[in-house]
Amino acid sequence: MSTAELPKVKKHTRLEDVQAVILGTLIIALGVNLFTHAGLLTGGSAGLAFLIQYSTSLTFGQAFFLINIPFYLLAVIHFGWEFTIKTFLAVFCLSIFSDVTPMLVTFDQLNPIYASVAGGFLMGVGFLMLFRHNASLGGLNILARYLSEKYGISMGKFQMIIDCMIVLLSVFVVDYTLIIISFVGAIALNMIIAVNHKPGRYMGNV
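What counts, and at which threshold
- Residues numbered from 1 in each chain as written.
- Predicted model: local features only at pLDDT ≥ 70, side-chain atom pairs only at ≥ 80, totals over all residues.
- Heavy atoms only, no water.
- Core = buried A, V, L, I, M, F, W, Y, C linked by side-chain atoms within 4.5 Å.
- Buried < 20%, exposed > 50% of the residue type's maximum accessible area, 1.4 Å probe, protein only.
- Helix = DSSP H or I, 4+ residues; strand = E, 2+ residues; numbered from the N terminus.
- Contact = heavy atoms within 4.5 Å.
- Axes fitted to C-alpha atoms, helices over the stretch in contact; angles between N-to-C directions.
- Parallel < 35°, antiparallel > 145°, perpendicular 65-115°, else oblique.
- Left-handed = near helix turned anticlockwise from the far one by under 90°.
- Expected span 1.5 Å × (residues − 1).
- Bend = angle between axes of the 7 residues up to and from the residue.
- Phe/Tyr/Trp six-rings, centres within 6.5 Å; stacked < 30°, edge-to-face > 60°.

### What to know about the nonpolar core
Core analysis: the biggest nonpolar cluster contains 41 residues, and Ile28, Phe60, Phe64, Met123, Phe127, Leu130 and Leu137 have the highest contact counts within it. Elements supplying a minimum of two residues to this core: α1 (14–38), α2 (44–55), α3 (60–68), α4 (71–104), α5 (112–131), α6 (140–151), α7 (155–169) and α8 (176–196). Among all residues touching Phe64, those that are not within four sequence positions of it are Ser45, Ala46, Ala49, Val91, Leu94, Ser95 and Leu137.

This is the structure:
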């Protein structure tokens, strides 16, 4: 098929972008709730927010929102205002949803391994929705996207390495058995991204 015969890529509408940000962060918030209930951790800005939540009086949503503030300047410089605004809205939505979800969803019994795998998959799917609509959850996601677009480095593989490093740093806050289980969640999350988010594969306008 010649270049002229290739189907024209349709741009996402504003309504599609809004639903992706809302649904994506709702899905991630459920994964965060699974992790929080089981006392697990993940990497990136979310991992730091978990550490702050477990060691201070701040909620995950409050800590996550504060951590991401310094990264907005980097986002504006490298990806422009549209990406930055969408990312800010995604961070804001997740901060709200992650604090509201425990009021709506509770668990009488939750196996930590299940929470790790299911929570990791849920967050990975949510991240994927945001990435495909030119948004992220800030922090290391911005750096991961920059390295992916500039140097072709896999976002999933890069984030998996960083996430595992952050989980290791949590040894002074969380029991070591939960840290080991958290590694499973980090792998599950980033496996979704590594398999499904590759340059040129997605036909939507991101």
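Here the narrative resumes.
### Notes on the packing of α5 against α8
Helices that pack against each other are described as a pair by the angle of their axes relative to one another and the distance between those axes. It is the contact of α5 with α8, at a shortest axis distance of 8 Å, that shows an interaxial angle of 30°. Accordingly, the angle class assigned to the pair α5 and α8 is roughly parallel. As α5 runs across α8, the sense of the crossing is right-handed. Contacts from Pro112, Ile113, Ser116, Val117, Gly120, Phe121, Met123, Gly124, Val125, Phe127, Leu128 and Phe131 of α5 reach α8 at Leu178, Ile181, Ser182, Val184, Gly185, Ala188, Leu189, Met191, Ile192, Ile193 and Asn196.

### Quick word on the environment of Asn141
Tracing the backbone shows Asn141 in helix α6. What makes Asn141 buried here is its relative accessible area of 9%. Sequence-wise, Asn141 and Leu51 are 90 residues apart; in three dimensions their C-alpha atoms are separated by 18 Å. Those residues within four positions of Asn141 in sequence are excluded, and the remaining contacts are Phe127, Phe131, Ser136, Met155 and Gln159.

### Some details on α4
When the terminal C-alpha atoms of α4 are compared, their 31 Å separation across 34 residues is substantially less than the 50 Å that a helix rising 1.5 Å per residue should span. Approximately 135° is the largest bend angle found in α4, and it occurs at Phe79.

### A word on the packing of aromatic side chains
Applying the stated criterion across every chain yields a total of eight aromatic pairs. Measuring from ring centre to ring centre gives 6.2 Å for Phe35 and Phe50, while their planes differ by 25°; the resulting arrangement is stacked. Taken as a pair, Phe35 in helix α1 and Phe50 in helix α2 lie far apart in primary sequence, 15 residues in all. In this pair, the class of Phe35 matches that of Phe50, namely buried. Between Phe127 and Phe131 the ring centres are 6.0 Å apart and the planes differ by 20°, which places this aromatic pair in the stacked class. A residue pair is termed a helical-turn pair when its members lie 3 or 4 positions apart in one helix, as Phe127 and Phe131 do in helix α5 at four residues. A network of ring pairs unites the aromatic residues Phe35, Phe50, Tyr54, Phe60 and Phe64 as a single cluster.

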